[in-house]
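# Understanding the architecture of this molecule
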Amino acid sequence: SGSFEEECDYLFKTVLIGDSAVGKSNLLSRFAKDEFHLDSKPTIGVEFAYRNIKIGDKIAKAQIWDTAGQERFRAITSSYYRGALGALLVYDITRRVTFENIRKWLQELREYGNRDMVIILVGNKSDLADSREVEAEDGQSLAQLEDLCFMETSAKENLNVEDAFLQMITKIF
Ligand code: GTP
Ligand code: MG
């Protein structure tokens, strides 16, 4: 029909990874549909969303894989990473353990992922400053050490969500 949605010059895959309940699904629903859900259920296996992005005079369609953080759903991880050009690696600034687990996720990304995948480290839930357990400086230092970009976001308040995805996508192209 020639609608805007159907014309697309590039299709590319990206992934959202990180511990359960850090807010991956809500970051995606905010980016893809401008929606936030306080009572979202844990993702089972993997879900997808798409969003078209204009890059110069071209239209790129981002296929975004939203993976399950819960251990019991994570048997087939290698297929999550296959062919992905970018990843948002997410932790929750109010739960230190989710930040400590970033190293584990990075190892997995580097084992199964494309060598030159663009990885953005994301500290989500920046709206919950009173319960903060991870300083922004800690995220920044880890990102520097591991050669990643870094951003704090709030899916709830819609802070930096668009920026995090667009930074990843811009770096891919
Ligand atoms: P899994 O699918 O199990 O891996 O979890 P997930 O990382 O997809 O987490 P999900 O998006 O389902 O969010 C978990 C909980 O955190 C939900 O109750 C969300 O409402 C809440 N949440 C997500 N993002 C934010 C945020 O930016 N701020 C606040 N305050 N809560 C958030
Ligand atoms: Mg989820």
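For the structure, see preceding data.
## Side note on the side chain of S126
- As for its position among the elements, S126 is in the loop between β5 (118-124) and α5 (136-146).
- Taking the relative accessible area as the measure of exposure, S126 reaches 18% and is therefore buried.
- Sequence-distant contacts of S126, defined by excluding residues within four places in its chain, comprise I93, E152, T153, S154 and L159.

## Remarks on the pattern of salt bridges
- Under the criterion given, the structure shown has 10 salt bridges.
- For E162, the salt bridge is made with R51, and the minimal N-O distance between the two is 2.8 Å. Highlighted residues: E162 in helix α6 (residues 161-172) and R51 in strand β2 (residues 46-55), separated in sequence by 111 residues.

## Structural notes on the side chain of N124
- If you trace the backbone, N124 turns up in strand β5.
- For N124, the contacting residues outside a window of four places in its chain are V22, G23, L27, V90, Y91, D92, I93, T153, S154 and A155.

## Overview of the nonpolar core
- Core analysis: the biggest nonpolar cluster contains 25 residues, and L88 and F165 have the highest contact counts within it.
- At the level of secondary structure, the elements contributing two or more residues to this core comprise β1 (10-17), α1 (24-33), β2, β3 (58-67), β4 (84-92), β5, β6 (149-152) and α6.
- In terms of residue count, α6 provides more of this core than any other element does, six residues in total.
- In this view, L88 contacts V15, L16, I17, I120, V122, A164, F165 and M168; residues no more than four positions away in its chain are not counted.
- Counting 23 residues, the second-largest nonpolar core is a separate cluster that includes V15, M117, V134 and F150.

Parameters at a glance
- Residues numbered from 1 in each chain as written.
- Chains lettered and ligands numbered in written order.
- Predicted model: local features only at pLDDT ≥ 70, side-chain atom pairs only at ≥ 80, totals over all residues.
- Heavy atoms only, no water.
- Helix = DSSP H or I, 4+ residues; strand = E, 2+ residues; numbered from the N terminus.
- Buried < 20%, exposed > 50% of the residue type's maximum accessible area, 1.4 Å probe, protein only.
- Contact = heavy atoms within 4.5 Å.
- Salt bridge = Lys/Arg side-chain N within 4 Å of Asp/Glu carboxyl O.
- Core = buried A, V, L, I, M, F, W, Y, C linked by side-chain atoms within 4.5 Å.

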